[in-house]
Number of protein chains: 2
Amino acid sequence: MNMSRTRRERLVVIGGDAAGMSAASQARRLKGPDELEIVAFERGHFTSYSACGIPYWVGGDVTDRDRLIARTPEEHRARDIDVRLRTEVTELDLDGRRVRSRDLDSGAESWTPYDKLVIATGARPIRPDLPGADAPGVHGVQTLDDGQALLDTLAGTRGRRAVVVGAGYIGVEMAEALLNRGYEVTVVNRGSEPMSTLDPDMGCLVHEAMTGLGITMVNDAEVTKILTGDDGRVRAVATQDREFPADVVVLGIGVRPETALARAAGLPLGTHGGLLTDRSMRVRGREDVWAGGDCVEVLDLVSGQERHIALGTHANKHGQVIGTNVGGGYATFPGVVGTAVSKVCDLEIARTGLREKDARRVGLRFVAVTIESTSRAGYYPNASPMTVKMLAELRTGRLLGVQIVGREGAGKRVDIAAVALTAGMTAEQMTTLDLGYAPPFSPVWDPVLVAARKAAAKVRGSLTP
Amino acid sequence: MNMSRTRRERLVVIGGDAAGMSAASQARRLKGPDELEIVAFERGHFTSYSACGIPYWVGGDVTDRDRLIARTPEEHRARDIDVRLRTEVTELDLDGRRVRSRDLDSGAESWTPYDKLVIATGARPIRPDLPGADAPGVHGVQTLDDGQALLDTLAGTRGRRAVVVGAGYIGVEMAEALLNRGYEVTVVNRGSEPMSTLDPDMGCLVHEAMTGLGITMVNDAEVTKILTGDDGRVRAVATQDREFPADVVVLGIGVRPETALARAAGLPLGTHGGLLTDRSMRVRGREDVWAGGDCVEVLDLVSGQERHIALGTHANKHGQVIGTNVGGGYATFPGVVGTAVSKVCDLEIARTGLREKDARRVGLRFVAVTIESTSRAGYYPNASPMTVKMLAELRTGRLLGVQIVGREGAGKRVDIAAVALTAGMTAEQMTTLDLGYAPPFSPVWDPVLVAARKAAAKVRGSLTP
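Because the structure is a prediction, the values reported are computed rather than measured. (Residues numbered from 1 in each chain as written. Chains lettered and ligands numbered in written order. Predicted model: local features only at pLDDT ≥ 70, side-chain atom pairs only at ≥ 80, totals over all residues. Heavy atoms only, no water.)

### So, the overall build of chain A
Counting its regular elements, chain A contains twelve helices and 25 strands. Here the C-alpha atoms of chain A give a radius of gyration of 24 Å, agreeing with the 23 Å that 2.2 N^0.38 yields for 465 residues. The burial tally for chain A puts 59% of its 465 residues in the buried class. Partitioning the intrachain contacts of chain A with sequence separation of at least 6 by distance along the chain shows that 63% fall at a separation of at least 24. Taken together, the 57 basic and 59 acidic charged side chains of chain A have centroids lying 4 Å from each other. (Helix = DSSP H or I, 4+ residues; strand = E, 2+ residues; numbered from the N terminus. Rg over C-alpha atoms; globule rule 2.2 N^0.38 Å. Buried < 20%, exposed > 50% of the residue type's maximum accessible area, 1.4 Å probe, protein only. Contact = heavy atoms within 4.5 Å. Lys, Arg positive; Asp, Glu negative; His and termini not counted. Charge placed at Lys NZ, Arg CZ, Asp CG, Glu CD.)

### Some words on the UniProt feature "domain: FAD/NAD(P)-binding" (unreviewed entry) in chain A
UniProt feature "domain: FAD/NAD(P)-binding" (unreviewed entry): in the numbering of this structure it lies at residues 10–316 of chain A. Measuring from the first to the last C-alpha atom of residues 10–316 of chain A gives 22 Å, for a span that is 23% helix and 27% strand. (UniProt positions renumbered as here; feature names shortened; annotations may be inferred.)

### Some words on the relation of the copies chain B and chain A
With an RMSD of 0.0 Å, chain B superimposes on chain A once it is rotated by 180 degrees and translated 0.0 Å along the axis. Seen this way, the second copy is the image of the first under a two-fold rotation axis. Of the residues that chain B buries at the interface, 100% are likewise interface residues in chain A, meaning the two copies contact each other through the same surface. (Least-squares fit on C-alpha atoms with pLDDT ≥ 70 in both.)

### Looking at the sheet that holds strand S24 (residues 385–393) of chain B
Residues and elements named next belong to chain B. On the basis of which strands lie adjacent, the open sheet formed by five strands has the order S21-S22-S25-S24-S23 and antiparallel pairing. Strand pairing shows two members of the sheet lacking a second neighbour, strand S21 (340–344) and strand S23 (366–374), which therefore form its edges. Between one strand axis and the next, the sheet turns by 15 degrees as a mean value, whatever way the strands run. As defined by bridge partners, S21 adjoins strand S22 (residues 347–353) across five bridges and the pair is classed as antiparallel. Across the sheet, residue Val341 finds its bridge partner in S22, namely Ala350. On top of the sheet, helix H6 (residues 200–212) reaches S21, S22, S23, S24 and strand S25 (399–406); it is set at about 15 degrees to S25, its chief contact. (Pairing = 2+ DSSP bridges. Axes fitted to C-alpha atoms, helices over the stretch in contact; angles between N-to-C directions.)

### Looking at the pattern of salt bridges
Close approach of charged atoms allows side chains of opposite charge to pair. All chains considered together, the criterion is met by 76 salt bridges over all chains. Put simply, Asp199(A) and Lys389(A) hold a salt bridge, and the shortest N to O gap is 2.9 Å. Highlighted residues: Asp199(A) in the loop between strand S11 (184–188) and helix H6 (200–212) and Lys389(A) in strand S24 (residues 385–393), separated in sequence by 190 residues. With respect to burial, Asp199(A) and Lys389(A) carry one shared label: buried. Across the pair Arg161(B) and Asp247(B) runs a salt bridge whose closest N-O atoms are separated by 3.2 Å. With Arg161(B) in strand S10 (residues 161–165) and Asp247(B) in the loop between strand S15 (243–245) and strand S16 (248–251), the pair connects residues that are 86 residues apart, well separated along the chain. (Salt bridge = Lys/Arg side-chain N within 4 Å of Asp/Glu carboxyl O.)

### Thoughts on the domain arrangement of chain A
Residues and elements named next belong to chain A. When its domains are assigned, chain A resolves into domain 1 (3–49 + 67–124 + 256–326), domain 2 (127–253) and domain 3 (340–460). Facing five residues of domain 1, the contacting portion of domain 3 comprises eight residues. Buried area between domain 1 and domain 3, both sides added, is near 530 Å², and the carbon and sulfur share of it is 64%. Area buried by domain 1 at its contact with domain 3 is led by Val302, Ser303 and Gln305, which between them contribute 71% of it. Connecting domain 1 to domain 3 are zero salt bridges. For the pair domain 1 and domain 3, the number of links is zero residue pairs in polar contact (both at pLDDT 80 or more). Per-class residue counts for the side of domain 1 that touches domain 3 are one nonpolar, two polar and two charged. (Domains from an automatic or database assignment. Buried area = accessible area lost by both parts, 1.4 Å probe. Polar contact = N/O pair within 3.5 Å; in protein donor to acceptor, adjacent residues only side chain to side chain. Nonpolar A, V, L, I, M, F, W, Y, C, P; charged D, E, K, R; others polar.)

### Points about the interface of chain B and chain A
Contacts between the two partners involve 63 residues from chain B and, on the opposite side, 63 residues from chain A. Ranking the residues of chain B by area buried against chain A places Tyr379(B), Asp434(B) and Phe441(B) at the top, with a combined share of 16%. The interface formed by chain B and chain A includes two salt bridges. The partner of Lys412(A) in a salt bridge is Asp446(B), and the shortest N-O contact between them spans 2.7 Å. Here chain B is connected to chain A by 28 residue pairs in polar contact (both at pLDDT 80 or more). Counting residues per element, the ones that place at least two in the side of chain B that touches chain A are helix H8 (312–326), S21, helix H10 (414–422) and helix H12 (447–463) of chain B. Taken together, the residues of the side of chain B that touches chain A break down into 30 nonpolar, 19 polar and 14 charged.

### Focus: the packing of aromatic side chains
With the rule as written, the count across this model stands at four aromatic pairs over all chains. Here the aromatic rings of Phe46(A) and Tyr49(A) are separated by 6.3 Å at their centres, their planes lie at 80 degrees, and the arrangement is edge-to-face. Summarising the burial analysis for this pair, Phe46(A) and Tyr49(A) share the class buried. Ring plane angle 80 degrees and centroid distance 5.1 Å describe the contact between Tyr56(A) and Tyr380(B), whose orientation is recorded as edge-to-face. You can see Tyr56(A) sitting in helix H2 (residues 54–59) and its partner Tyr380(B) sitting in the loop between S23 and S24, one on each of two chains. Stacked on the ring of Trp111(A), the Lys or Arg Arg98(A) has its end atom at 3.7 Å from the ring centre. Here the guanidinium or amino end of Arg160(B) rests over the ring plane of Tyr183(B), the centre of that ring lying 4.1 Å away. (Phe/Tyr/Trp six-rings, centres within 6.5 Å; stacked < 30°, edge-to-face > 60°. Lys NZ or Arg CZ within 6 Å of the ring centre and 35° of its normal.)

### Here we look at the nonpolar core
In this structure, Met390(A), Ile404(A), Met430(A), Met390(B), Ile404(B) and Met430(B) are the most contacted members of the largest nonpolar core, which totals 88 residues. In this structure, Met390(B) is in contact with Val367(B), Ala368(B), Val369(B), Leu399(B), Gly401(B), Val402(B), Ala427(B), Met430(B), Val448(B), Ala451(B), Ala452(B) and Ala455(B), ignoring residues within four places of it in sequence. Ranked by size, the runner-up nonpolar core spans 47 residues in total, among them Val83(B), Val289(B), Ile322(B) and Ala331(B). (Core = buried A, V, L, I, M, F, W, Y, C linked by side-chain atoms within 4.5 Å.)

### Digging into the packing of helix H1 (residues 18–30) of chain A against helix H8 (residues 312–326) of chain A
Residue and element names in this part refer to chain A. Closest axis-to-axis distance for the H1/H8 pair is 7 Å, and the angle between their directions is 35 degrees. Between H1 and H8 lies a crossing of right-handed hand. Only Ala315, Asn316, Gly319, Gln320, Ile322, Gly323, Thr324 and Val326 of H8 make contact with H1, whose side of the interface consists of Ala18, Ala19, Ser22, Ala23, Gln26, Ala27, Arg29 and Leu30. Tallied by class, the residues present in the contact of H1 with H8 amount to eight nonpolar, seven polar and one charged. (Left-handed = near helix turned anticlockwise from the far one by under 90°.)

### Quick word on unusual backbone geometry
One non-glycine residue with positive phi stands out, namely Asn382(A), at about 65 degrees. Tracing the sequence through the fold places Asn382(A) in the loop between strand S23 (366–374) and S24. At Asp220(B), a position not held by glycine, the phi torsion is positive, near 50 degrees. Assignment of secondary structure puts Asp220(B) in the loop between strand S12 (216–218) and strand S13 (223–228).

### Notes on the side chain of Asp434(A)
On the secondary structure map, Asp434(A) appears in the loop between helix H11 (427–430) and helix H12 (447–463). Summary of buried charges: Asp434(A) has no salt-bridge partner, and the nearest side chain of opposite charge, Lys317(B), is 5.2 Å away. Here Gly338(B) takes part through its backbone nitrogen, which lies 2.8 Å from a polar atom of the side chain of Asp434(A). Not counting residues up to four positions away in its chain, the partners in contact with Asp434(A) are His314(B), Lys317(B), Val336(B), Val337(B), Gly338(B), Thr339(B) and Ala418(B).

Spelled out as structure tokens, the structure:
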């Protein structure tokens, strides 16, 4: 008998949302409580919730906050995961294999030893370093607590003027949410078009659609100050040349990896501030420390460079991979192609792969084509227009990226390109893809194939002597 | 100067629908009328129409027949394509490089020489060799002429009882169409479940949904006779043990390649009766004869065997490839993975790759998994249930096939699997695919990924000693 096998290992997880709790749950599936103790520290009140669902809760599509919670602390505890809420990890002692934590209510501090550590500290919203940015009525929407605070503000505010700062995913989704709540919505955007994850020519289509919905779009605008009234509450958002009256302000200007702990402990961070891992999601150079979710950088399989993408679907996959490896199995996360999909009312917006500027930045020469098509056969009821842009590498024809803006049926078509990018297909190869066709589902040439044909022709054209 | 270059070549196209006219149009794009003369023979009254749209025209979703016509004979003629309607090609003289045709109205016959020949004769519906199968009120729905005849019957029939024979794509689509027209619909089906292109456990879901729509489903039933009344019109469909009263009967029992001409000319046919071509869509062994669309067999990239699939999307791709090659360019059609999508009212049905019996037939050992998920995040409004079945090869984990039955958002998800099959991905590789995620579009794990996870786990489980 080997006495050492009787000692239980302890897994410590920092962060109780998607990546952390997916890792904990998967590890638990593979190892029972007699083999593995699992302790999870979470700063907030909730576990395993869908931060991506917050705009739809705020907008009223989802009426019950608890429906955003995939698994409560009690449910995790029932599976022998020791969830410690309102407990912030304040220090990592990697040499000593322990973490220091503070109970946010009592202030009590203690050290917890670990055998294996998972860092899933997520991201924090970028808050502009501006006068008034912390005034009452100014909200981020990163956590369920944030969402509740915003809903409380909306319930207590008579005025109906909302300003959203930022026009990325969170910005456009929050614009829809506030529109649904009956607000007059102004979106103040630093870029030349909304959705800077698209090329400007595609972002322009989003701009037009949002204007059509009655949203006031202010592009090329830098917020200089958030103005408050005599009561200390927000009253307007100032840009370099104008003021926009506001009864409520939502900040949707993106997030940064929350890696202060990791940085202090000397763990490797990338150029975007995220933890760097290998494909097993182990922190590089560490055998017993994993990291996943919004606090890590991921390999972009198209550009070959690391990126920071805060997205629940990646966090869940990371957690699954980490939990499998922690639990003694074998799994890898190879990277991403940069797929994202969103909507503003009935406008669907999708992208995958590289934008023109991404391709240029990594030194790729490319062709870009844009086509118009429809979601269904043109003669079928409710066939709606769709614009597809495709980038392919010059000479080789390798698919580099796809962007789609349209109505119902547009968004998820990006998956075709996402799989093709992962497989390294060329535009030419894509032209004969055997995609699902019937008049209610697609024109006889799917819009993505129409784009592929045009891109392939342009690649060939560029070869002609 | 080379005098021979002044002689125009003549391309003869047999069949004026998707494959033939796509080929003609693409050839014309590449070669002007001074270089290439194009003659197209079409037996019917129409060119370039969507046969796939006929059920929606019959059902009333499409009100104007002409909307199903992508390009009229006049439009083709305006691009210097000499379309000869109501003209049937009756003989191929391959050694003499000429075709004999008959004007169906005048009965006049003539020979037309060609330099290049495209055979796009399509498919003909299987008509059961039964008493009464040609009675008034019994209709196929293969051509626009067929659709018009059926609509004329519906307009002239007081009774509201319709029997659809066959429960494949055409059968279920016609059941919906007749239901929409206010008919009491009975579907008589030889198989144990409708949609024999699915495994029976998935077909069963279609059965349940169709029953729920008020359609009477009769499985395991062989039609023995079509009974007529004193007026000679159809009055009932008889099976081995019952009679189903019918004011109108629609035959949707599949199609066979229309290759009588090719067979008589000694061209190579496959086991399904379709013409055999190489990847350039040239008829095997022939330099100057191409074939495409419903009259050819295509390579199934998953099984490695030839199949016959009558589908407009393939016909258009074939035409594009043929036209490019005829026009002096270079293009190939590598094959299919067997993707198909359809719907009955709001039930979406999709499949790609191999069914269990296909996999067994080609000697593949596999795992099969079935999962339930939803089209959107579970908490998002109108998240609808979806069943995904996945087959993966034992040991290697190679994806073999996917079947999906669900509501809105289910059908086109099959494209993810179609691209993955084309790329030869394993279920394990699919688990980390970077698919579009946002709550209105997908759960955080797309249903196809949930199936891939379960399939990958089962493949791994089968490896455990």
